[in-house]
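# Observations on the model geometry
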Amino acid sequence: MRLILLIFFLILISQSCSITKHVPYNKSLLIGNNIVIQNENKEDVLITKSEIFNILKQKPNKNIFSFYPFHLSIYNLSDSLNKKWLHKYLRKIGEEPIIFDRKLVEKSKVQIERLLANKGYFNSFINTSINTYKKKSTINFNIELGKIYKLNKINYPEINNDEINKKIKNEKKILLKKGDLLNAEKLDLERIRITEILQNHGYFNFKRENIFFE
C-alpha cells in the first residue's frame, strides 16, 4: 500500500508545477551552496567541504537522489489559500521553499572564518557570489586559505601545589606539543584535562571556563 501511495505521489509530482510556485514576487528559491577551497588537494589542508557546509546558515530544501526536491514538490501540490484537509496535509508532510536571504550569506561567511581560525588558518579570504536565474539562486563560496599557524611555545602558570603542577606538566599527558598545528578543539581538550586534575585534588567547583588561553 505504501509503495502504491509513493508511486502515486511521484506521478503527481512529476506533473506538478514549477518548484518556485510558492516563491513570492521579487524573491528567489535557494537551490544550492557551491564551496570551492583553493588548493584543497594539498596534504596540509585540514578542512573539508562537508565541515563548511554543516555550519552554513542557510541550506536548500532537502533532495532525494541528490538532486530532486521531493518534499518541496509535495508542498507545491497544495494551494496555500485552500483550507481543505488534503491541502493542509500536503503542506504538513511537505517542506516550505527555502527563500534566499542575502543577510544569511554574510553570517555564513563569518561562521566559515571562525571555523578556519579554529583549525589554525588565519587571514583567510572568502569571496561570495550569487547566481540567480528564473527565481532560483545559488550561493558560491570561494575560499582562499590563509597561513596556517603552529605552536611554538606553551607556558603553564605555576600553581601553589607541587603535586598538581607535576600532573599538569606531565609530558606524557599534555595534549599540546611544540610544532602542533593550532587547533581550538585541542586547546579545549587540554582545558578539560587540567580541570579534571584540579577537581580530583579537591577543587570541586572549578570549571574549565576558569582556564583561559591566548
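In what follows, the structure referred to is the one given above.
Residues numbered from 1 in each chain as written. Predicted model: local features only at pLDDT ≥ 70, side-chain atom pairs only at ≥ 80, totals over all residues. Heavy atoms only, no water.

### Side note on the environment of aspartate 101
Operational definition: The helix and strand labels rest on DSSP assignments: H or I over at least four residues marks a helix, E over at least two residues marks a strand, and numbering proceeds from the N terminus. The definition of a polar contact used here is a pair of N or O atoms within 3.5 Å, where within protein one atom must be able to donate a hydrogen and the other to accept one, and adjacent residues in sequence count solely through side-chain atom pairs.
Mapped onto the elements of the fold, aspartate 101 is located in the loop between helix H4 (85–93) and helix H5 (102–118). Taking the C-alpha atoms as reference points, aspartate 101 and lysine 57, separated by 44 residues in sequence, lie 9.7 Å from one another. In this structure the side chain of aspartate 101 is engaged in a polar contact, spanning 2.9 Å, whose partner is the backbone nitrogen of lysine 103.

### Here's the deal with the sheet that holds strand S3 (residues 125–133)
One key point about sheets: their strands pair by backbone hydrogen bonds, in either a parallel or an antiparallel sense. Basically, it comes down to this: If DSSP finds at least two bridges between two strands, the strands pair. Between the N-to-C directions of two axes lies an angle of 0 to 180 degrees, each axis being a line fitted to C-alpha atoms and, for a helix, fitted only over the stretch in contact. Only heavy atoms enter the contact rule, under which two residues are in contact if any of them lie within 4.5 Å.
One open sheet holds the 3 strands; their spatial order is S1-S4-S3, and the pairing between them is mixed. Strand pairing shows two members of the sheet lacking a second neighbour, strand S1 (29–37) and S3, which therefore form its edges. Strand-to-strand twist in this sheet, taken as the mean axis angle between neighbours without regard to direction, amounts to 15 degrees. Along the sheet, H5 makes contact with S3 and strand S4 (136–144), crossing S3 at roughly 150 degrees.

### Some thoughts on the packing of aromatic side chains
Aromatic ring pairs are reported here in terms of the distance separating the ring centres and the angle at which the planes meet. Our working rule: Here is the rule: rings of Phe, Tyr and Trp (six-membered ring for Trp) pair when centre to centre is within 6.5 Å. Planes less than 30 degrees apart are stacked, more than 60 are edge-to-face, and the remainder are tilted.
Counted by the stated rule, this structure contains 1 aromatic pair. When the centroid spacing of 5.5 Å and the interplanar angle of 85 degrees are considered together, the rings of phenylalanine 122 and tyrosine 149 count as edge-to-face. Highlighted residues: phenylalanine 122 in strand S2 (residues 121–122) and tyrosine 149 in the loop between strand S5 (147–148) and helix H6 (162–168), separated in sequence by 27 residues.

### Observations regarding the nonpolar core
Here is the rule: Each nonpolar core is a collection of buried residues, namely Ala, Val, Leu, Ile, Met, Phe, Trp, Tyr and Cys, held together in the definition by side-chain atoms within 4.5 Å. Each residue's exposure class comes from its accessible area (1.4 Å probe, protein chains only) as a fraction of the maximum for that residue type: buried when under 20%, exposed when over 50%, partly exposed otherwise.
Grouped together as the largest cluster of nonpolar side chains are 18 residues, with contacts concentrated most on Ile35, Ile47, Ile52, Ile112, Leu116, Phe141 and Ile143. Of all the elements in the fold, those that place two or more residues in this core are S1, H5 and S4. The greatest single-element share of this core, amounting to 4 residues, is contributed by H5. Not counting chain neighbours up to four residues away, the residues in contact with isoleucine 112 comprise Ile52, Ile55, Leu56, Ile126, Phe141 and Ile143. One finds Ile168, Leu176, Leu187 and Ile197 within the second-largest nonpolar core, a separate group that totals 11 residues.

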